[in-house]
Amino acid sequence: MSENGHKIEIPATIVVRDLALKIEKSPIELIKKLMSNGVMATINQTVDFDTAAIIVAEYGFEAIPEVVEVVKEESGEVPYWRRMIAGEDTAKLSLRPPVVTILGHVDHGKTSLLDVIRQTDVAAGEAGGITQHIGAYQVERNGRLITFLDTPGHAAFTQMRARGAQGADIVVLVVAADDGVMPQTREAIAHAKAARVPILVAMNKIDKSNANPEKVKQQLSELELVPDDWGGNTMVIPVSAREKKGIDDLLEGILLVADSNDIRANPEGTVVGTVIEAQVEKNKGVMATLLVQNGTLEPGEIVVAGSTFGKLKALTDFKGQPVKQAGPSMPVLVMGLAEVPSAGDIFQVVETEREARSIVEQRIQDAKSQAQSKTKVSLEDIFERAKAGEARALNLIVKADVQGSLDPVVGELNKLSGGEIGINILYAETGNIGENDIMLASASSAIVIGFNVQADVSARRVAEKEGVSIRLYEIIYRMTEDIEKALKGMLEPVVVEKVLGRAQVLAVFSASKLGKVAGCKVTDGELRRNARVRLFRGSDMLFEGEMASLRHEKEDVREMRQGFECGVGFKNFKDIQVGDQLICYVLEKS
Ligand code: GDP
């Protein structure tokens, strides 16, 4: 190869014609050159990198492997770790252990499975027998490591994604063989799919006499997780956490999935990763578990995590052993951060404390302006965002009262897809809108559509905080009309709801003129006489409308602030009970 030849990038395989174009030679000449090197190829055939390298060297070029650009996937979302290594030299990337999280319906055996997997590892047992719970652990299988995140459930998983991180490379979906696919199974699948993380199914409780593996496989197939023994590409591995059966197969399955996903990092590259958990401990200060995703972390380094930073004093692995280094996919417990970062915060190593301080200041500033601009995605702005190249599809989470209305709603929505802006339903399920729906929407820049359902009080609160829009409908054509207009950029700014305050009902009085009155304490914000109110009992909304009266110690008042008690009457409604919650809001043009 020519010492001072021009460098040209060549992919793993290249068509002869394209190779000729690259070095500006005629294809005929190139074919002859190939022949003289013993390679018979026509103009439309491909040659591999090594062959191409030899040929181009004869013309004085130095072939270097083409940097494969990270392909943006359908929803515009790229697995988090790929973004993290995007700036790394591809030649320096090496395979790293897969990071696995376990999701699934409650009681299907997530915790049991995590415990059994932890115990199977001899290496972990040798080191004193006791492993520390630091939020993640590693096991060895066939000389290879697998990292498990120790907090099962999609709340933790999605919370991380909502913060911009994604700890896991692979999701193990636990489905109990006796119980089958349940609502949280479907929810977990939606969360994993939204994150574009491959799913492997652990069919647990296979020891039970009423286990029905075929039924589970059928249900999974209906959810587009077709088992590999049925011709699909989802691995479904029968296990029993109780009898410790199938665990080896599961670990092997995880390694296979890892292999087909080519999970890499540069151990010598920029040190970045995700905060798994953190808390303050007596006499020790802030203890944080960091999952390194690229580079190698060492004691003494200065780390910025979320909006805090510090010089790391010591690193400890999950066995409680001090370690001098933590490479890609290794979770370590660290001491030295000034404040407690949040799970899901991204950390990085910087050179100086000064640099750390300025990054933190910038982040705090960003967080403030983000809080001001609040709404991440709304139906009104989807067209503008699509035009600006920020979105290619409108991501939706759909909740409806019953299956009978969910199916037509989803059907109608799907009919609207196909235009320039597609519709991508991340999750459709029956039931009220809950916190989990909002977190999934927040993490996936989606909006939540409710059909004949309500949003729980807690869901509304989280939606406000996360800037997630919720649209509630009772008539299908109203919904399709809105969405159609939004996709064409024709949706008028609508009135949006602004919550003024909340109150709790402490007593119920009967007043002769006013009828039933709720004796309330304003728990936050304020109640305003001419604003609108909703009354909730648990997650059920019993009333939505206007106040008939707002009084403080028998005086009519216009507003009542946080911490004060007042009497509230409702127009045409008197079914009030102690413990009910009030939300007071106004409608404003957005
Ligand atoms: P999680 O809520 O998904 O974390 O479920 P747990 O791990 O807490 O398990 C729920 C229940 O199922 C517990 O009573 C376990 O003992 C039981 N369980 C878990 N795995 C198995 C299994 O393989 N076979 C049987 N028979 N029971 C299991």
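Presented here is an overview of the structure given in this document. (Residues numbered from 1 in each chain as written. Predicted model: local features only at pLDDT ≥ 70, side-chain atom pairs only at ≥ 80, totals over all residues. Heavy atoms only, no water.)

A few words now on the site of the ligand. Inspection of the region around the ligand gives 15 residues, with Asp107, Lys110, Thr111, Ser112 and Asp207 positioned closest. A distance of 3.1 Å separates an oxygen atom of the ligand from a polar atom in the side chain of Asn204. Burial of the ligand by the surrounding chains reaches 76%, relative to a free accessible area of 580 Å². By residue number, the principal contributor to the shell around the ligand is helix α5 (residues 110-120), which donates 3 residues. Considered class by class, the residues forming the shell around the ligand number 2 nonpolar, 7 polar and 6 charged. (Near = heavy atom within 4 Å. Polar contact = N/O pair within 3.5 Å; in protein donor to acceptor, adjacent residues only side chain to side chain. Areas by Shrake-Rupley, 256 points an atom, 1.4 Å probe, with all protein chains shown as cover. Helix = DSSP H or I, 4+ residues; strand = E, 2+ residues; numbered from the N terminus. Nonpolar A, V, L, I, M, F, W, Y, C, P; charged D, E, K, R; others polar.)

This brings us to the nonpolar core. Ranked by internal contacts, the top residues of the largest apolar core, which has 31 residues, are Leu113, Ile117, Phe148, Val172, Leu250 and Ile254. Elements with a contribution of two residues or more to this core: β6 (99-104), α5, β7 (136-141), β8 (144-149), β9 (170-176), β10 (199-204) and α10 (247-261). The two domains that each donate at least three residues to this core are domain 2 (97-262) and domain 3 (272-373). Excluding anything up to four places from it in sequence, Ile117 contacts Ile102, Tyr137, Val139, Phe148, Ile247, Leu250 and Leu251. (Core = buried A, V, L, I, M, F, W, Y, C linked by side-chain atoms within 4.5 Å. Buried < 20%, exposed > 50% of the residue type's maximum accessible area, 1.4 Å probe, protein only. Domains from an automatic or database assignment. Contact = heavy atoms within 4.5 Å.)

Turning our attention to the sheet that holds strand β16 (residues 308-311). Strand order across the open sheet formed by 8 strands is β16-β15-β20-β13-β14-β19-β17-β18, with antiparallel pairing between neighbours. The sheet is open, and its two edges are formed by β16 and β18 (322-323), each paired on a single side. (Pairing = 2+ DSSP bridges.)

Attention shifts here to the pairing of strand β20 (residues 346-350). In terms of strand pairing, strand β13 (residues 272-281) meets β20 through 3 bridges, oriented antiparallel. Considered in β20, the bridge of Gly273 is made with Phe347. Direction of pairing for strand β15 (residues 302-305) relative to β20: antiparallel, over a ladder of 4 bridges. Bridge pairing links Val304 to Gln348 in β20.

The next point concerns the packing of helix α14 (residues 435-443) against helix α15 (residues 457-466). Where α14 contacts α15, the two axes come as close as 8 Å, and the packing angle between them is 20°. It follows that α14 is roughly parallel to α15 by the angle criterion. Considering the relative orientation of α14 and α15, their crossing is right-handed. Packed against α14, whose contacting residues are Glu435, Ile438, Met439 and Ser442, the element α15 presents Ser458, Ala459, Val462, Ala463 and Glu466 at the interface. For the contact of α14 with α15, the per-class residue count stands at 5 nonpolar, 2 polar and 2 charged. (Axes fitted to C-alpha atoms, helices over the stretch in contact; angles between N-to-C directions. Parallel < 35°, antiparallel > 145°, perpendicular 65-115°, else oblique. Left-handed = near helix turned anticlockwise from the far one by under 90°.)

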